[in-house]
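Structure at a glance
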Amino acid sequence: MKDTYCPYCGELQDINHDDGYGYGEDEIFNQECSNCGKIFTFTTSVLFIYDTAKASCLNGGKHKFELTHTYPKKYSKMRCEMCGEERQPTTEERIKYKLDEEVQNA
Ligand SMILES: [Zn+2]
Ligand SMILES: [Zn+2]
C-alpha cells in the first residue's frame, strides 16, 4: 500500500513503520525517497473513520436478529444486524435452523 508522495519528485512512497516508527503524533519523522534519494520529513495524523448507520432497535424498534455463522452450529447465536446485540436462539429458532442436528460423518 502506498501512503504518500515524495515532496521533491512526487513519487509515491511507502512510509516505513518498522518497529512502530512514525506513529507518534506531533513528531517530525524523516525518510529517504526511494526514487530520488532525498530525505523528506513527515508527520503522522491518525485518522478515525466512522461509519454510522440507523439502528431503529435502539430507538424503540425491534432488533433484527440474524443467525451467526458459528461452528459447531449448535453454538450459533442470534445477533442483531443493526446494533450487534446477541442472544441465545429460542427453542423455535433452534429447530428452524436445525442447530441441534449433528452432522454425521459416514
Ligand atoms: Zn523523491
Ligand atoms: Zn438491535
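The text that follows walks through the structure, step by step, so that each part is easy to find. (Residues numbered from 1 in each chain as written. Chains lettered and ligands numbered in written order. Predicted model: local features only at pLDDT ≥ 70, side-chain atom pairs only at ≥ 80, totals over all residues.)

In this section: the overall build of the protein. Helix and strand counts for the protein come out as 1 helix and 7 strands. In the protein, the order of α-helices and β-strands from amino to carboxyl end is β-β-β-β-β-β-β-α. What you see for the protein is a C-alpha radius of gyration of 25 Å, clearly larger than the 13 Å of a compact globule of 106 residues, by over 25%. The proportion of buried residues among the 106 residues of the protein is 1%. A separation threshold of at least 6 residues defines the contact pool for the protein, and within that pool the share at least 24 residues apart is 25%. (Helix = DSSP H or I, 4+ residues; strand = E, 2+ residues; numbered from the N terminus. Rg over C-alpha atoms; globule rule 2.2 N^0.38 Å. Buried ≥ 20, exposed ≤ 12 C-beta atoms within 10 Å, placed from the backbone. Contact = placed C-beta atoms within 7 Å.)

In terms of strand pairing, strand 3 (residues 29-32) meets strand 4 (residues 39-42) through 4 bridges, oriented antiparallel. In the sheet register, Phe 29 faces strand 4, and the bridge partner there is Phe 42. Between strand 3 and the antiparallel strand that follows it, strand 4, lie 6 residues; Gly 37 among them carries a positive phi value of about 80°. (Pairing = 2+ DSSP bridges.)

Moving on to the environment of Thr 68. Here Thr 68 lies in the loop between strand 5 (65-67) and strand 6 (78-80). Classification of Thr 68 by C-beta neighbours within 10 Å gives partly exposed; the count is 13. C-alpha separation for the pair Thr 68 and Met 78, spaced 10 residues apart in sequence, amounts to 5.9 Å. Residue contacts for Thr 68: discarding those within four places in its chain leaves Ser 76, Lys 77 and Arg 79.

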